[in-house]
Amino acid sequence: MNKLLVHPAAKPVVFLLCLLPFAWLTYGAFTDGLGANPAEFLIRATGDWTLRFICIVLAVTPLRVMTKANALARFRRMLGLFAYFYVVVHLLCYSWFDMGFEWSDIAKDIAKRPFILVGFSAFVLLTPLAATSFNRAIKALGAKRWQMLHKLVYLIAGLGLLHFFWMRAGKNNFAEVFVYAAIVAVLLGWRVWHYASKRKPKETAGVRGGSEKSLRSSAG
Amino acid sequence: MSFHSRPHGRSSGFIHPLSSEITPRAVYESRRDLLKLMAGGAAGAALASFAGREAFAQATGPHKLALLPGAKSVVPGAQTMEKLTDYKDATSYNNFYEFGTDKGDPVKNAGTLKTRPWTVEVEGLVKKPGKYGIEDLLKLSAQEERIYRLRCVEGWSMVIPWVGYSLAELIKKVEPQGNAKYVEFVTLADPKTMPFVGSRVLDWPYTEGLRMDEAMHPLTLLAFGMYGEVLPNQNGAPVRLVVPWKYGFKSAKSIVKIRFVEKEPSTAWNKAAAQEYGFYSNVNPNVDHPRWSQATERRIGDGGGLFAKRNKTLMFNGYEAQVGQLYAGMDLKKNY
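An account of the accompanying structure is given in this report. Each chain has its residues counted from 1, following the order in which its sequence is written. All chains are assigned letters beginning with A, and all ligands numbers beginning with 1, in the order in which they are written. Two thresholds apply to this predicted model, a pLDDT of at least 70 for residue-level local features and 80 or more for giving and counting side-chain atom pairs, whereas whole-chain, interface and lining totals are computed over all residues. As a rule here, side-chain values cover all heavy atoms of the structure and leave hydrogens and water aside.

This part takes up the pattern of salt bridges. All names here are of chain B. The salt bridge criterion pairs a side-chain nitrogen of Lys or Arg with a carboxyl oxygen of Asp or Glu, the two atoms within 4 Å. Taken as a whole and assessed by the stated rule, the structure comprises 25 salt bridges over all chains. Salt-bridge contacts for Arg259 lead to Glu123; the nearest nitrogen and oxygen are separated by 2.8 Å. Within this pair, whereas Arg259 is found in strand S11 (residues 255–261), its partner Glu123 is found in strand S2 (residues 119–124), the two being separated by 136 residues in sequence. Accessible area is worked out with a 1.4 Å probe on protein chains only. A residue is then buried under 20% of its type maximum, exposed over 50%, and partly exposed in between. For Arg259, a relative accessible area of 25% corresponds to the partly exposed category. Overall, the relative accessible area of 22% leaves Glu123 in the partly exposed class. Put simply, DSSP H or I for four residues or longer makes a helix, DSSP E for two residues or longer makes a strand, and each gets a number counted from the N terminus.

It is worth spelling out helix H3 (residues 38–67) of chain A at this point. All names here are of chain A. The terminal C-alpha atoms of H3 lie 40 Å apart, and with 30 residues this matches the ideal 44 Å at 1.5 Å per residue to within 8%. Of all the bends found along H3, the most pronounced is centred on Val60 and spans about 35°, while Pro62, a proline, follows it within four residues. Among the 30 residues of H3, 22 are classified as buried, and the element is accordingly described as predominantly covered. Lys68 sits one or two residues past H3 and shows a positive phi near 60°. Given the number of residues in a helix, its expected span is that number minus one, multiplied by 1.5 Å. Throughout, bend refers to the angle between the axes fitted to the seven residues that end at a position and the seven residues that start at it.

Should any heavy atoms of two residues lie within 4.5 Å, those residues are counted as being in contact. Contact residues are listed per partner, giving 21 residues for chain A and 25 residues for chain B. Accessible surface is computed with a 1.4 Å probe, and the buried area is the amount of it that two parts give up when combined, taken over both parts together. Of the roughly 2000 Å² buried at the junction of chain A and chain B (both faces included), carbon and sulfur atoms supply 49%. Among the residues of chain A in contact with chain B, Ala36, Arg113 and Lys171 of chain A are the three that bury the most area, contributing 31% of the side total. Applying the counting rule to chain A against chain B returns 5 salt bridges. A salt bridge links Arg113 of chain A to Asp288 of chain B; the shortest N-O distance between them is 3.2 Å. Here a polar contact is recorded for every N or O atom pair within 3.5 Å, except that within protein the pair must consist of a potential hydrogen donor and a potential acceptor, and residues adjacent in sequence are included only if both atoms are side-chain atoms. Counting the contacts that link chain A with chain B gives 11 residue pairs in polar contact (both at pLDDT 80 or more).

Bringing the packing of aromatic side chains into the picture now. The way to describe two aromatic rings as a pair is by their centre distance and the angle between their planes. The criterion for an aromatic pair is that two Phe, Tyr or Trp rings (for Trp, the six-membered ring) have centres within 6.5 Å, with stacked assigned to planes under 30 degrees apart, edge-to-face to planes over 60 apart and tilted to the rest. Taken as a whole and assessed by the stated rule, the structure comprises 29 aromatic pairs over all chains. Considering the side-chain rings of Phe165 of chain A and Phe174 of chain A, the 4.6 Å spacing of their centres and the 10° angle between planes classify their relative orientation as stacked. Using a relative accessible area of 32% as the deciding quantity, one classes Phe165 of chain A as partly exposed. Classification of Phe174 of chain A by relative accessible area gives buried; the value is 17%. Lysine NZ or arginine CZ positioned within 6 Å of the ring centre and within 35 degrees of the ring normal marks a charge as sitting over the ring. Sitting over the ring of Phe279 of chain B, Lys250 of chain B keeps its end group 4.3 Å from the ring centre.

Residues and elements named next belong to chain B. Pairing within the open sheet is mixed, and its 5 strands lie in the order S3-S2-S11-S6-S7. With one partner strand each, in any of the chains shown, strand S3 (130–133) and strand S7 (207–211) form the two edges of the open sheet. Averaged over all adjacent pairs, the angle separating strand axes in this sheet is 20°, with direction ignored. Lying on the sheet, helix H7 (residues 167–174) is in contact with S2, S3, strand S6 (182–187) and S11; it crosses S11 at an angle near 60°. Any two strands between which DSSP finds at least two bridges are classified as paired. Each axis is a line fitted through C-alpha atoms, taken for helices only over the stretch in contact, and angles between the N-to-C directions span 0 to 180 degrees.

Here we come to empty space enclosed by the protein. Taking a probe equal in size to a water molecule and rolling it over the atoms shows the remaining empty space. All names here are of chain B. Definitions used throughout: a 1 Å grid over protein atoms alone; a cavity as a set of points that fits a 1.4 Å probe which cannot get out; a pocket as an open set with protein on both sides within 12 Å along at least five of seven lines; a lining residue as one with an atom within 4 Å of a point. Grid points are joined across faces, edges and corners, and a volume is the space filled by probe spheres set on the points. This model, assessed by the stated rule, comprises 2 cavities of 30 Å³ or more. Volume-wise, the largest cavity comes out at about 390 Å³. If you trace the largest cavity, you find 27 residues lining it, with Asn95, Phe96, Gly248, Phe249 and Lys253 closest to the centre. Grouping the constituent residues of the lining of the largest cavity by class yields 17 nonpolar, 6 polar and 4 charged. Under this grouping Gly is polar, as are all residues other than the nonpolar Ala, Val, Leu, Ile, Met, Phe, Trp, Tyr, Cys and Pro and the charged Asp, Glu, Lys and Arg.

All names here are of chain B. Alignment of S2 against S3, held across 4 bridges, turns out to be antiparallel. Counted as the bridge partner of Thr119 is Gly133 from S3. Hairpin connection between S2 and S3: a loop of 5 residues separates the two successive antiparallel strands. The pairing of S2 with S11 spans 4 bridges and is classified as parallel. Its bridge partner being in S11, Val122 is matched across the sheet by Ile258.

Following this line, the structure appears as structure tokens:
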């Protein structure tokens, strides 16, 4: 597993995979393949993909620990940046197709409608995370502060879910919202459990002593 | 001749020749192409778009369902001049939650709906209650073609040539009593053929209602067809309501019961989210939905595609001249 993940082609392959939804949407937009309301389709699909990438990036650490495929960590930054890429496209589609780039209307919409405000806040909060994703930023901030900043992703995931929930609220159509919420809850729950089990090594030392060390050394 | 032999999927005894059948198909189709060219080339060529509209009305159907032609309606406001939405868009982008909440679901899932036999029960404060078979309803009055704008509460709109007659024709026949102030419409909720009726998205069956004067307004249409054919299942076969000055969800689909009542009936969307969907639900650009503005709308299939500008939404969906007096003196912000 690790061998495959450190292969020189692994990163370009993952990069192209992450671009596939964008390529598929672009192709659809130019070939009349997005149904009767292509603007709505684009806005919703890019929102979906933002949430999916947030789930994927949150899944990296649990997967890495559970499978001991530590090389998975190489992909976390790229996946996080793709979440940002899709939220930017989402925002662009909304600004363009829904609001016709009327900036004053957009500002009014953000101020007036809580569900837009919440979505916009998630985008704003994600911006410093994307902006500090290069190595020099980590050095400049110091690893600890950098990590604190990047813990905002939990808040962002929550706001993203609330945005989605609110958008569906009027139509009582929550099935998909709950699926994403459940995924985020499981990934967050795993972290809480993982952290708690690390903090009480003595109680479980007999059973976990061996794996405890490797968990700690790979925690991130 | 071959152009007479269209397949009649569910022939129900209401097949008459269309002018498109009398004109050889190749001829009218090439005429349609020419008109499309004209309409596309010369923006604002009202004549071309008007003629093009007629050609569209005859030629955009799938020619799979039973034909249901209607004579051009003379009811004021019943002949909107905008370009028709493509049949394909109007039949593949639908809200019909009994078949799923995604707008692509109804076309996928509504094939199971059985539209024959079908009866509509008329009950409540009415002198002639009873069960009316769909065949009798079809013959109750002359079928008219009406080209209406349909504005969805979600901010999109279509232009659809419906076929049917004024609901008032039916109401007059069943003779409501003097104390009947409202009409309630109940639509089919059959868990065997409607996969989403088991969900808790709405309180099934779907119910809608109109005040008596709204129900009696000549524009309020009891529709059996669209684009010269019977309604496709996903569009509310075999009989639905079309109330063109109200948001689309007021136009109940696949109706099984019409009830005359004294009190304002509770309606499905009002029960689900009262703060968002009022009883009246008149199209009103000045009253926003809590989560989006209603000032503009996206016209489905107006040719501009993804980059088309949104249209300004008109008061009462552009039918103010016809229906405005129904609401004289009412606060439409309160009675949304």
